[in-house]
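Here are the chains, one letter per residue:
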Amino acid sequence: MGSIPDPGELTELTPPSFDEFQRQTSLMTSCTLLWKELSDHFTSLEQDLLKKSEAMKRKIQTLDNETKESLHELEKRENTIEGSVKIALGKVEVSKEVALMAMERIFGDENGEVDDGEGLLLKLKSFLLRMDSSGLWRFVTGKKKELDALRAQMPLALADCVDPAKFVLEAISEVFPVDKRVEKSERGNDLGWACVLILESLIPVVVDPVIGKSRLLVTPSVKERAKEIAETWKASLEERGGIENVKTPDVHTFLQHLVTFGIVKKEDVNLYRKLVVGSAWRKQMPKLAVSLGLSDKMPDMIEELISKGQQLDAVHFTYEVGLVDKFPPVPLLKAFLKDAKKAAASILEDPNNIGRSVHLAGRKEQSALRAVIKCIEEYKLEAEFPPENLKKRLEQLEKGKTEKRKPVAVPANKRTRANNGGPMPPAKAGRLTNAYVSSFPAAPTFVRSPSHAQYPAPVPPYHSPPTMYGSRSPPTNPYAYSPEAAPMAGSYPGAPMTYPAYGGYGNGMAPAYQQAYYR
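Parameters and conventions
- Residues numbered from 1 in each chain as written.
- Predicted model: local features only at pLDDT ≥ 70, side-chain atom pairs only at ≥ 80, totals over all residues.
- Heavy atoms only, no water.
- Helix = DSSP H or I, 4+ residues; strand = E, 2+ residues; numbered from the N terminus.
- Contact = heavy atoms within 4.5 Å.
- Areas by Shrake-Rupley, 256 points an atom, 1.4 Å probe, with all protein chains shown as cover.
- Buried < 20%, exposed > 50% of the residue type's maximum accessible area, 1.4 Å probe, protein only.
- Pairing = 2+ DSSP bridges.
- Axes fitted to C-alpha atoms, helices over the stretch in contact; angles between N-to-C directions.
- Parallel < 35°, antiparallel > 145°, perpendicular 65-115°, else oblique.
- Left-handed = near helix turned anticlockwise from the far one by under 90°.
- Phe/Tyr/Trp six-rings, centres within 6.5 Å; stacked < 30°, edge-to-face > 60°.

1. Some points on the overall build of the protein chain
At step 1: From N to C terminus, the protein chain includes 17 helices and two strands.
At step 2: Considering only contacts within the protein chain whose residues lie at least 6 apart along the sequence, 68% involve residues at least 24 apart.
At step 3: For the protein chain, the exposed area adds up to about 33000 Å²; of that, 56% sits on carbon and sulfur atoms.

2. What to know about helix α12 (residues 311-321)
At step 1: Where α12 is concerned, the buried positions are Q311, L312, D313, A314, V315, F317 and T318.
At step 2: Taken together, the buried residues of α12 touch α9 (269-278), α10 (285-291), α11 (298-307), α13 (329-348) and α14 (357-378).
At step 3: G322, located one to two residues past α12, shows a positive phi value of around 75°.

3. As for the pairing of strand β2 (residues 212-216)
At step 1: Pairing of strand β1 (residues 207-208) with β2, which is carried by two bridges, proceeds in the antiparallel orientation. Paired with V207 across the bridge in β2 is L216.
At step 2: Linkage of β1 to β2, two consecutive antiparallel strands, is achieved through a turn of three residues.

4. Observations regarding the packing of helix α8 (residues 248-261) against α9
A pair of packed helices is characterised by two quantities: the angle between their axes and the separation of those axes.
At step 1: Put simply, α8 and α9 touch, their axes get as near as 10 Å, and they point 135° apart. Classified by the angle their axes make, α8 and α9 are oblique. At the point where α8 passes α9, the crossing takes the left-handed sense. Of α9, the residues touching α8 (which contributes V251, F254, L255 and L258) are Y272, L275 and V276.

5. Some words on the packing of aromatic side chains
At step 1: On inspection of all chains with the given rule, the structure shows three aromatic pairs.
At step 2: Plain terms: the ring middles of F127 and F139 are 5.5 Å apart, the flat faces sit at 40° to each other, and that makes the pair tilted. Of this pair, F127 sits in helix α2 (residues 117-129) while F139 sits in helix α3 (residues 133-141), and the two are twelve residues apart along the sequence. Of the two residues, F127 and F139, neither departs from the other in class, the shared state being buried.
At step 3: Pairing W233 with F254 gives two aromatic rings, centres 4.1 Å apart and planes at 10°, and the pair type is stacked. One end of the pair, W233, is in helix α7 (residues 220-235); the other, F254, is in helix α8, and 21 residues separate them in sequence.

Written as C-alpha cells, this is what we have:
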C-alpha cells in the first residue's frame, strides 16, 4: 500500500490550469452529445422495428383471413354445385313444359300480333326454342322503337333457351366482333344497341342462383369462345384507326361482352380505362367501369373528364363510386353550363356560318340546360342548385325558336301588269294541278316564282319590262299568251275575266284558284 501524503505536502502540489479545465469541460460536453445522438439513433431503430413488426403482423393476419375466406368460398361453391345442378335440372323441366305450350300456341296462331308484351315474349321464345339466332337478330334489329319492351321480355325468353350463352354469341356474330354484313344501309349501320341489349339480358340468366355473380353458368367451351372473340376485337383496333377513332357503339358492345361472360383481364385494365373515358357520355359506362375493376382508377378518370370539359359525365361517375365529397356535383354542373355558354357565343361569332349561327348556338345551350336539369332531378340536387332559373331560360330559348318559325304575313294586294292592266297569269304548277301554288307562306297572295320558264307560245313577249312584285326581283322570262286569247287592255274589270282557250281549259272561265283570287 502506498503511503498517505502528509497534509503539509498538499500545499506543494501544482494546481490545474484554466486551459486544462476548459479542455476537460469540452470533452465532457462532446461525450454527452455523442451519447444523446447514439441514444436517439437506437430509439429510432427500435421504433422502426416495432412498426415493421406490427405491419408484418397485420399482413399475416390479413393473409390468414383471406385464406380462410377463400377456403370458405371454395367449400361453399363445392357444396352448392349439387344444389345449383338440381335447380338447373328443375328449370329444364319447367322450360320444357313451357316450350311445348308456347310452341302449340305459336303454331296455332302463326300470324298473331306481337304488339303486347305477351305476344312479344311468345315471338322471342319461338326463335329461342328453334335456336334460330339469325331470325332473332333480324327480329330484334327491326324493333328498335320497342326497346323498353324488348329489354323487359328478353331475359324471360332467354331463360327458356337450352344454351343461352352460346345462342347469344351466335346472334350477335353478324356484327361482333367484326361486321360481316355485305349490304349496309346508312341508317342501319349502328346495331350496337341490339348487341348491348342481348348481352345485358343474358346476365340474369347465367348468374348462379345460389352464390350469385361470383359464378356464371357458362360452359368452358362457350367461355373460351367468348375470350377468342374479345381477342379478335382487340386485334381489329388497328384496322379501326386505334382507340381514338373506334366508334362508341363498338366500344360499348366489347366492354359489355367482357362483363357478361366474366372474361375481364387485369393486364388490360389500361385499355379498359381509355375505352371508358373515350365513351364516358354513355349512360351505362359508370357501372361498366366498376364491373371492369376500374374503381381504384376512378378519381384519375374523373379528373381527366373534368379537364376535357365533360363535367356532366364526371358527375355520373362520382355518384357511381361514391366520390361526391371529393368532387362536389354543383360546381361541376355550373362549370358545364358556363362552358356551354362560351361554346354558344363562339358559334355566334363564327363568320363562316352566319346564316345558321343563331340556331346552332340556341340548340347548344338548350341541350346543356336540359341535361343539367335532368341531372339535378336524378340526384335530388334541388336544394343546392334550384332549377327554376334554368327552366325559365330554357323556356325563353324555346319561345324564341318558335317565334322565328312563324310565317311573315304578306299583304294580299292585287297585282296587275304595268303595260295593259290585265291580271297576272297563273303559275305553271297551278295550271297543271289546278290548285293555288305560291312561293310565299301566306295565302292567298300569288307571287310568280322566278324559276318558272316562259310559256310555250309563238307570240313574242311584252315590249315593256314588268314591274317589281313585292320585294322579289323581276322574272327574267316574261309571260307570253296563247295566240287564241283575246288582247286585254285597260284596267282590271270588277267581274272575273274569261279565257276562251287559255291553258287548255276550254270552258271560257278562268281557273278556280284565280276566281277565288279576284273576288
